[in-house]
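Here is how the chains run, residue by residue.
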Amino acid sequence: MAEWQTLSNRIDSVAPSATLAVDSKAKAMKAQGIDVISFGAGEPDFPTPDFIARAASQACLDPRNHRYTPTAGLPELRQAIADKTERDSGYAVTPDQVVVTNGGKQAVYETFQILLNPGDQVIIPAPYWTSYPEMVTLAGGEPVPVLSGADQGYLPSLDALEAARTERTKAIIVNTPSNPTGVVWDDDLVRAIGQWALEHRIWVVSDEIYEHLTYDGAHTPYPGALVPELRDQLIVLNGVAKTYAMTGWRVGWMVAPTAVSKAAGKLQGHMTSNVANVSQRAALAAIQGPMDAVETMGRAFAHRRKSIMVALNQVPGVECPEPKGAFYAFPDVTGLLNRPLGPHGTISRTSSDLAAAILEETHVAAVPGEAFGAPGHLRFSYALSDQDLAEGMRRFQAWIGA
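Residues numbered from 1 in each chain as written. Predicted model: local features only at pLDDT ≥ 70, side-chain atom pairs only at ≥ 80, totals over all residues. Heavy atoms only, no water.

Brief notes about the sheet that holds strand β4 (residues 142–147)
Sheet strands pair by backbone hydrogen bonding; their relative direction is either parallel or antiparallel.
Part 1 of the argument: Strands sit in the order β2-β8-β7-β6-β5-β3-β4 across an open sheet of seven strands; the sheet is mixed. Two strands lie at the open edges of the sheet, namely β2 (98–101) and β4, each paired on one side alone. On average, each strand axis in the sheet is inclined to that of its neighbour by 20°, with strand direction left out of account.
Part 2 of the argument: Two elements, β2 and strand β8 (residues 252–255), share four bridges in a ladder whose sense is antiparallel. Directly across from valine 100, in β8, lies its bridge partner tryptophan 253. (Pairing = 2+ DSSP bridges. Helix = DSSP H or I, 4+ residues; strand = E, 2+ residues; numbered from the N terminus. Axes fitted to C-alpha atoms, helices over the stretch in contact; angles between N-to-C directions.)

Concerning the sheet that holds strand β14 (residues 378–381)
Part 1 of the argument: Strands sit in the order β9-β14-β13 across an open sheet of three strands; the sheet is antiparallel. Looking at strand neighbours, the two that pair on one side only are β9 (328–329) and β13 (367–368), the edges of this open sheet.
Part 2 of the argument: Taken together, the two bridges between β9 and β14 define a ladder with antiparallel strand orientation. Note that in β14 the partner of alanine 329 across the bridge is phenylalanine 380.

Notes on the nonpolar core
Part 1 of the argument: Residues Leu77, Ile81, Ile172, Ile193, Trp196 and Val240 are the most contacted members of the largest nonpolar core, which totals 57 residues.
Part 2 of the argument: When neighbours within four sequence positions are excluded, isoleucine 172 is seen to be in contact with Ile123, Pro125, Leu161, Ile193, Trp196, Ile202, Trp203, Val204 and Val205.
Part 3 of the argument: Residues Ile37, Tyr215, Tyr328 and Phe396 belong to the second largest nonpolar core, which totals 40 residues. (Core = buried A, V, L, I, M, F, W, Y, C linked by side-chain atoms within 4.5 Å. Buried < 20%, exposed > 50% of the residue type's maximum accessible area, 1.4 Å probe, protein only. Contact = heavy atoms within 4.5 Å.)

Remarks on the packing of helix α4 (residues 75–89) against helix α11 (residues 277–288)
Axis angle and axis distance: for two packed helices, these are the angle between their axes and the distance between the axes, and together they describe the pair.
Part 1 of the argument: Packing of α4 against α11 brings their axes to within 10 Å, and their N-to-C directions diverge by 30°. Of the possible angle classes, the one that applies to α4 and α11 is roughly parallel. The chirality of how α4 crosses α11 is left-handed. Contact residues: Glu76, Leu77, Ala80, Ile81, Lys84 and Arg87 in α4; Gln280, Arg281, Ala283, Leu284, Ile287 and Gln288 in α11. (Parallel < 35°, antiparallel > 145°, perpendicular 65-115°, else oblique. Left-handed = near helix turned anticlockwise from the far one by under 90°.)

Focus on the pattern of salt bridges
Part 1 of the argument: Counted under the stated rule, the structure contains 20 salt bridges.
Part 2 of the argument: Among the ionic pairs, lysine 306 bridges to aspartate 216, the shortest N-O distance being 3.5 Å. Of the two residues, lysine 306 sits in helix α12 (residues 292–313) while aspartate 216 sits in the loop between β6 (203–207) and α9 (223–226), which places them 90 residues apart along the sequence.
Part 3 of the argument: In this structure aspartate 216 comes out as partly exposed when scored by relative accessible area, which is 47%.
Part 4 of the argument: Residues joined in a network through salt bridges with shared partners are Asp216, Arg305, Lys306, Glu322 and Lys324. (Salt bridge = Lys/Arg side-chain N within 4 Å of Asp/Glu carboxyl O.)

A look at unusual backbone geometry
Part 1 of the argument: Omega for the peptide link from alanine 126 to proline 127 comes to 5°, which places this bond in the cis form.
Part 2 of the argument: Secondary-structure assignment places proline 127 in the loop between β3 (121–126) and α6 (131–138).
Part 3 of the argument: Looking along the chain, the bond that leaves threonine 176 and enters proline 177 is cis, with omega of -5°.
Part 4 of the argument: The topology assignment puts proline 177 in the loop between β5 (169–175) and α8 (187–200).
Part 5 of the argument: Look at serine 273: it is not a glycine, yet its phi comes out positive at around 60°.
Part 6 of the argument: Examined against the element boundaries, serine 273 turns out to sit in the loop between α10 (258–271) and α11.

Some remarks on the packing of helix α13 (residues 351–362) against helix α14 (residues 386–400)
Part 1 of the argument: Viewed as axis vectors pointing N to C, α13 and α14 meet at an angle of 105°, and their least axial separation amounts to 11 Å. Here α13 is positioned roughly perpendicular relative to α14, judged by the angle of their axes. Between α13 and α14, the contacting residues are Leu354, Ala357, Ile358, Glu361 and Thr362 on the first element and Arg395, Phe396 and Trp399 on the second.
Part 2 of the argument: Here the residues of the contact of α13 with α14 sort into five nonpolar, one polar and two charged. (Nonpolar A, V, L, I, M, F, W, Y, C, P; charged D, E, K, R; others polar.)

Examining the side chain of arginine 379
Part 1 of the argument: Along the chain, the position of arginine 379 falls in strand β14.
Part 2 of the argument: Its relative accessible area of 2% is what places arginine 379 among the buried residues.
Part 3 of the argument: Of note is the side chain of arginine 379, whose polar atom sits 2.7 Å from the side chain of asparagine 179. (Polar contact = N/O pair within 3.5 Å; in protein donor to acceptor, adjacent residues only side chain to side chain.)

Next comes the structure, spelled out in C-alpha cells:
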C-alpha cells in the first residue's frame, strides 16, 4: 500500500475479533479436510426452532416485508420486546424505548457512539467479551478494565470498581451471565453496583444476551428491577441469538431512555436503516412463542457444562470455577505454561501460545484469555455436540498427559 493510502488511525487502533479469528482458522482447517473440533465461537449447535423458521418462510411471501420499514424496528416487534421486558425482567418499558438492531453487536456499538465523547472512560469488569473495549475505543472513549481472577470467582468487587473510577468515568458494563466466564452475578452485587452508579452519575450498560441460560437454580439479576431509580441511566442490550439459536438471523435490540433510543434511531438511519424484515418477523415469532425448545436446549447445555467441568478439572495445572450461566468454561491454565507438553515437548509462554499449540497439534480450537483481558486462561464454548465435546476433551487431556 502506498504511503498516501494509509488507513485511519481509528481502524488501526482496533484489534480483530479473536473469537472470530479462531473460528475462521478452525473452519479453514476443516475445509482442508482436517478433523477440527472447535470450542471457539459462542454459537448453539441446534437449529433454529421450526415454528420460528416457518414464520420467516411465510414472511418471505408477504409483500409488506419487501420494502423499507421503520428504522427503529417493526412496531409490533418493538411492542413485543417491551412486553417481554416486563415479563422477564420485571419492569415496564414503552415501545419507543426499544430500538431493533442488526444483532446484539450493533446495539453495543451504537450505545458507545451515543454516550461517549473523546476521553470518556468506561469501566469494563474483566474477563470481558472481546469486543467491548474495541467498541469503546472506536467511539473515542478509553476502556478501563478491572480484572477479577479465578480466585475471586471472576466476580468484581465494589472496592475495585471504585478504585478505577475517575471524574471521566461515563459508564460501566454489566454482563451477567458472563461471556467468557459463565459466571452469574448475584442480586446483591448488581444492586450495589446500581446504587454506586446512581451515586456517581454513571451510565449502566447491561448486556443480558444470555439471560435465559442459567443452571443449578441461578437466575439473571436485572438492574432495572433491582434498582428502579436507575432506569433513567440504564441501557439494556439483548437479542434472540443465544436463547433461540438464531445467531445467523442478526436481530438484537437496546432498551433505553427515550433520549437514547431516539439518538440510536438517528444513528442507525445513517448506518443500516431497518433490520431485515424477514428476520424481524422471525424474532417476533420467537419472542411471542413457546419456550419449550429453549428449555430443551438449556437441558442439553446443562449436561455439557457438567461434562466439560469434570474433564477440565481432571487436568493437573487447570483450575476452572463452575459456570452458572451462558455456555462457556473459562479455566485458568497458568499451570500449563512454561513446561513441555505434548509429544513434541511444546513449551507455551502465554495462553495465546497454548491455544495455538493445541489447535496445531490436537486440532482442538479454544480462544486464548488475552482476548478477554485475562492472560493465562482459555475459553471453551460447550455449545457443541456431546460427541464433539467428549472427543475434544479426550484430545486435550491426552496432549497434556492427564
